[in-house]
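# Working through the structure, step by step
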Amino acid sequence: MELRINGSAHRLDVAPQVSLLDALREYLGLTGTKKGCDQGACTVLADGRRINACLALAVQYQGREITTIEGVDHPLQAAFVRADGFQCGYCTPGQICSAIGMLAEHEAGVPSAATGHLAATGGELDEAEIRERMSGNLCRCGAYNGIVSAIKEVAK
């Protein structure tokens with residue numbers, strides 16, 4: 001099978017039950033994406049949309065563009081450093097990929113539980129909205145305030 005990862009094609013011989021996360025880490029050596037069991041550390045972008053790579057089978061993503069933290073070049077990275085949103089760094093790759101996907105969702109007008117309709121806030125991405133949209137990504141060391149600050153900085 002062939003996967004497109006970070007703009008390059010990769011031919012892999014993997015069993016049908018291999019997760020996208022394991023294909024990235026074990027077969028391709030892209031270890032920036034972390035295992036965290038449904039906590040968001042494994043978040044990557046598939047055609048620009050955020051997904052948990054641990055819950056996806058590699059074979060499902062043939063022909064789609066997968067972006068891992070190794071392929072990211074985004075202002076969020078510097079903002080995370082400035083806002084101390086990376087602390088231990090374990091969840092940081094998933095947080096950054098998730099935030100990129102979240103910003104795209106917001107830009108596209110996708111509503112959230114915090115605001116049923118974006119017109120209610122004038123489309124502003126406030127702290128409550130960011131926290132709601134990032135709620136599936138857990139940070140063990142508690143860098144949430146820095147993460148929110150970094151996202152707010154880039155969203156302006």
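Quick summary incoming for the structure in this document.

## Comments concerning the side chain of Ser-98
Relative to the helices and strands, Ser-98 resides in helix H3 (residues 92–107). By relative accessible area, Ser-98 is classed as buried at 1%. At a separation of 2.8 Å, a polar atom in the side chain of Ser-98 contacts the side chain of Arg-50. With near-sequence residues (within four places) excluded, Ser-98 lies in contact with Thr-43, Arg-50, Met-134 and Asn-137.

## Some thoughts on the packing of H3 against helix H5 (residues 144–155)
Closest axis-to-axis distance for the H3/H5 pair is 11 Å, and the angle between their directions is 40 degrees. With respect to H5, the element H3 is oriented oblique. Crossing hand, H3 versus H5: right-handed. Note on element contacts: H5 touches H3 through Ile-147, Ile-151, Val-154 and Ala-155, opposite Gln-95, Ala-99, Met-102 and Leu-103. Class assignment for the residues of the contact of H3 with H5 results in 7 nonpolar, 1 polar and no charged.

## Some details on H3
Its 16 residues give H3 an end-to-end C-alpha distance of 22 Å, which sits within 8% of 22 Å, the value for a rise of 1.5 Å per residue. Burial analysis of H3 places 13 of its 16 residues in the buried class, the great majority of the element. Phi turns positive, to about 85 degrees, at Gly-109, one or two residues after H3.

## Some words on unusual backbone geometry
Residues other than glycine seldom take positive phi values, yet Asn-6 does so here, at roughly 50 degrees. Asn-6 sits in the partly exposed class, given a relative accessible area of 27%.

## Side note on the sheet that holds strand E3 (residues 43–46)
The 5 strands lie next to each other as E2-E1-E5-E3-E4, forming an open sheet whose pairing is mixed. Looking at which strands have only one partner, the edges of the open sheet turn out to be strand E2 (8–11) and strand E4 (49–52). Sheet twist, expressed as the average angle between the axes of neighbouring strands with direction ignored, equals 40 degrees. Where strand E1 (residues 2–5) meets E2, 4 bridges bridge the pair, whose relative direction is antiparallel. Among the inter-strand pairings, Leu-3 is bridged to a residue of E2, identified as His-10.

## With respect to the packing of helix H2 (residues 75–82) against H3
Interaxial distance between H2 and H3 falls to 10 Å at its minimum, and their mutual angle equals 125 degrees. One way to sum up the angle between H2 and H3 is to call them oblique. Once H2 is placed against H3, the crossing between them reads as right-handed. Contacts between H2 and H3 pair Leu-76, Gln-77 and Phe-80 from the former with Thr-92, Gln-95, Ile-96, Ala-99, Ile-100 and Leu-103 from the latter.

Parameters and conventions
Residues numbered from 1 in each chain as written. Predicted model: local features only at pLDDT ≥ 70, side-chain atom pairs only at ≥ 80, totals over all residues. Heavy atoms only, no water. Helix = DSSP H or I, 4+ residues; strand = E, 2+ residues; numbered from the N terminus. Buried < 20%, exposed > 50% of the residue type's maximum accessible area, 1.4 Å probe, protein only. Polar contact = N/O pair within 3.5 Å; in protein donor to acceptor, adjacent residues only side chain to side chain. Contact = heavy atoms within 4.5 Å. Axes fitted to C-alpha atoms, helices over the stretch in contact; angles between N-to-C directions. Parallel < 35°, antiparallel > 145°, perpendicular 65-115°, else oblique. Left-handed = near helix turned anticlockwise from the far one by under 90°. Nonpolar A, V, L, I, M, F, W, Y, C, P; charged D, E, K, R; others polar. Expected span 1.5 Å × (residues − 1). Pairing = 2+ DSSP bridges.

Nothing here speaks to function; it is all geometry.
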